[in-house]
Amino acid sequence: MIEMSGILGVVVVSLGMVLTPGPNMVYLVSRSITQGRRAGITSLGGVALGFMVYLLAANLGLSVVFIAVPELYFAVKLAGAAYLAYLAWNALKPGGLSVFDPQDVPHDSPRKLFMMGLMTNLLNPKIAIMYLSLIPQFIDLKEGHVLLQGLLLGSIQIVVSVAVNLTIVLAAGAIAAFLARRAAWLKVQRYMMGTVLGALAVSLAIDTSTPTVTN
């Protein structure tokens, strides 16, 4: 039902989003470095729940809207392309600070860590735009089952994001020490990610396919 190109597209977008420094990464790295891996994993649990909330909310609404007004596909596509271009610029512009140089933060209880992870994700505009503008690009309206496609593609995003974030949480201390001694690697990471995001933004912007709905 879902084309392999759609799955790969979501994987690329998910990797681009999760590897681009944002509120989630900053929070998880900060907690892992200052309070330990267990605190980072607890915080990641809250972040994962936030993904699920967005997944359900976005797909329950989008499934109805896309079927009723498929013309919105073009507006959504352009919004997604514009945001990817914005992320690409942020990754490529000079003078950015490393996410692995976080501010010191006070220690909190597991419950507070979980809730802060949840709220950090729910209040993250990058995640909202991803579910509302980026993932829907890979839904094939011709195949029908728009809601199911959205849920499956969103689930792929959650798996990718949680796996990458978990890896970052477990390795945060070592990564911070490594990058502190090798500043050039930060530029390489930014340039590579910015190039990928920029290429995907251009691909979405020039796509002229017309969405149709079959009964």
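From a predicted model like this one, the values you see are computed outputs, not experimental measurements.

What counts as what
Residues numbered from 1 in each chain as written. Predicted model: local features only at pLDDT ≥ 70, side-chain atom pairs only at ≥ 80, totals over all residues. Heavy atoms only, no water. Helix = DSSP H or I, 4+ residues; strand = E, 2+ residues; numbered from the N terminus. Contact = heavy atoms within 4.5 Å. Axes fitted to C-alpha atoms, helices over the stretch in contact; angles between N-to-C directions. Parallel < 35°, antiparallel > 145°, perpendicular 65-115°, else oblique. Left-handed = near helix turned anticlockwise from the far one by under 90°. Phe/Tyr/Trp six-rings, centres within 6.5 Å; stacked < 30°, edge-to-face > 60°. Buried < 20%, exposed > 50% of the residue type's maximum accessible area, 1.4 Å probe, protein only. Core = buried A, V, L, I, M, F, W, Y, C linked by side-chain atoms within 4.5 Å. 1 Å grid on protein atoms, 1.4 Å probe; cavity = no way out; pocket = protein on both sides within 12 Å on 5 of 7 lines; lining within 4 Å. Points joined across faces, edges and corners; volume = space filled by probe spheres on them.

## Structural notes on the environment of Leu 49
As for its position among the elements, Leu 49 is in helix H3 (residues 37-68). As a C-alpha pair, Leu 49 and Phe 114 span 65 residues in sequence and 9.3 Å in three-dimensional space. Residues within four places of Leu 49 in sequence aside, it is in contact with Phe 114 and Leu 118.

## Things to note about the packing of helix H2 (residues 23-35) against helix H5 (residues 110-122)
It is at 9 Å that the axes of H2 and H5 come closest, and there the two elements cross at 160°. Of the possible angle classes, the one that applies to H2 and H5 is roughly antiparallel. Note on packing geometry: the crossing formed by H2 with H5 is right-handed. Contacts between H2 and H5 involve Pro 23, Asn 24, Tyr 27, Arg 31 and Gln 35 from the first element and Leu 113, Met 116, Gly 117, Thr 120 and Asn 121 from the second.

## Topic: the packing of aromatic side chains
Following the criterion strictly, the structure yields one aromatic pair and no others. On the numbers, 6.2 Å between centres and 15° between planes, the contact of Tyr 54 with Tyr 131 is stacked. Within this pair, whereas Tyr 54 is found in helix H3, its partner Tyr 131 is found in helix H6 (residues 125-134), the two being separated by 77 residues in sequence. No difference in accessibility class separates Tyr 54 from Tyr 131, as the two residues are buried.

## Examining the nonpolar core
Core analysis: the largest hydrophobic core is formed by 35 residues, its most contacted members being Phe 51, Leu 84, Met 130, Tyr 131 and Leu 153. Elements with a contribution of two residues or more to this core: helix H1 (4-19), H2, H3, helix H4 (72-92), H6, helix H7 (146-181) and helix H8 (183-206). With seven residues, the single largest contributor to this core is H3. When residues no more than four places from it in sequence are discounted, the contact partners of Met 130 are Met 17, Phe 51, Ile 135, Pro 136 and Gln 157.

## Let's talk about empty space enclosed by the protein
Overall, the coordinates contain two cavities of 30 Å³ or more when judged by the stated rule. For the largest cavity, the calculated volume is near 100 Å³. Along the wall of the largest cavity there are 15 residues; nearest its centre are Met 17, Val 18, Asn 24, Lys 126 and Ile 127. Looking at the lining of the largest cavity, the elements that each hand over two or more residues are H1, H2, H6 and H7.

## A look at the environment of Leu 147
Examined against the element boundaries, Leu 147 turns out to sit in helix H7. Distance in space between the C-alpha atoms of Leu 147 and Ala 58 is 9.7 Å, their sequence separation being 89 residues.

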